[in-house]
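Summary of structural features
Here is how the chains run, residue by residue.
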Amino acid sequence: MIAILIADGFEEVEALTVVDYLRRVELDIKMVNVKNTDFVTGSHGIEVKTDLKISDLKLDDCKAVILPGGIPNSTTLRDDVNVIKVIKTLYERGDIVAAICAAPIALERAGILEGKTITSHPSVKEEFKNVNYIEEKVAVDKNIITSRSAGVAIDFVLKLVEMLKSKKESEELAKSLLYRG
């Protein structure tokens, strides 16, 4: 199972594009509410029913964690001890840890970015210490995937599909979407 962690103020495009496209390639992704309620409201007023509360998340069942951006979602994720535990546990196991837009600040708080090549939304660039910061659509460093913003959400999810399934499945998904990158 793949967990996408969300709280109020999440960026809808970054979260829902990931959920939709990963389900299209038959990956089991669950929207996990970090505030232990049934619904969250995105940064643009879209209310979403989540699949799980973080208190019900079983880390042994997770093979990846994804953090969308948005404000205050990104700061909520960064400041939540349960989120930091999920990030650290999956990272240490070698599972995929992914974040887009401002959400890489939670990876920084978890202490997993030192010496890594990353990217993020430019508004949080100064938050990162001792990283190789690049201004590309997506950055991959071993099991860490970071991306810039809602405008490159498709690139982000295609990289996730490539790493969670295969490059062929990622290419097939892009083709089915008529996506040309």
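Every chain's residues receive numbers from 1 upward, in the order its sequence appears when written. With pLDDT at 70 or above as the cut-off, local features in this predicted model cover only qualifying residues; side-chain atom pairs require 80 or more to be listed or tallied, and sums for whole chains, interfaces and linings still use all residues. Excluding hydrogens and water, the side-chain values take into account all heavy atoms of the structure.

Here we take up the pairing of strand β2 (residues 29-33). Here the term buried applies to any residue with accessible area under 20% of the maximum for its type, exposed to any over 50%, and partly exposed to those in between, with areas from a 1.4 Å probe on protein chains only. Runs of H or I in DSSP of at least four residues are treated as helices and runs of E of at least two as strands, each being numbered from the N terminus. Burial analysis of β2 places four of its five residues in the buried class, the great majority of the element. Throughout, right-handed denotes a crossover for which the path from the first strand over the helix to the second runs clockwise when the strands point away from the viewer. A crossover links strand β1 (residues 2-6) with its parallel partner β2, the connecting element being helix α1 (residues 12-24), and its sense is right-handed. When DSSP finds two or more bridges between two strands, those strands count as paired. Bridge count for β2 against strand β5 (residues 52-53) is two bridges, and the pairing is parallel. Bridging from a neighbouring strand, N33 pairs with K53 of β5.

Turning our attention to the sheet that holds β2. Pairing in this open sheet of seven strands is mixed, and the strands run β5-β2-β1-β6-β7-β11-β10 from one edge to the other. Among the strands making up the open sheet, the edge pair consists of β5 and β10 (138-141). In this structure, β1 lies alongside β2, joined through five bridges in parallel fashion. The partner of I4 across the bridge, within β2, is M31. A contact between two residues is defined here by any heavy atoms of the two lying within 4.5 Å. Note on geometry: axes are C-alpha line fits, over the in-contact stretch for helices, and angles between N-to-C directions span 0 to 180 degrees. Each of β1, β2, β6 (64-67) and β7 (96-100) is contacted by α1, which is oriented at about 150° to β2, the strand it contacts most. Contacts from helix α3 (residues 81-93) reach β1, β6, β7 and β11 (144-147), with the element oriented near 135° to β6.

Moving on: α3. A rise of 1.5 Å per residue sets the reference length of α3, with its 13 residues, at 18 Å; its end C-alpha atoms lie 18 Å apart and thus fit the reference within 8%. Within the span of α3, buried status applies to V83, I84, V86, I87 and L90. Taken around the axis of α3, the buried residues stretch over an arc of 160°, which confines them to a single face. Set apart from the buried face of α3 by more than 90 degrees, the exposed residues are V81, K85 and E92. Where the residues of α3 are buried, they touch β1, β6, α2 (73-79), β7 and α4 (104-109). In protein, a polar contact requires one atom able to donate a hydrogen and another able to accept it; more generally it is a pair of N or O atoms within 3.5 Å, and residues adjacent in sequence count only if both atoms are side-chain atoms. Where α3 begins, the side chain of D80 points an oxygen toward the backbone nitrogen of N82, at a separation of 2.8 Å. Expected helix span is computed as 1.5 Å times (number of residues minus one). The arc in question is the one traced by the directions running from the helix axis out to the C-beta atoms.

No statement about biological role is implied by the geometric values presented.
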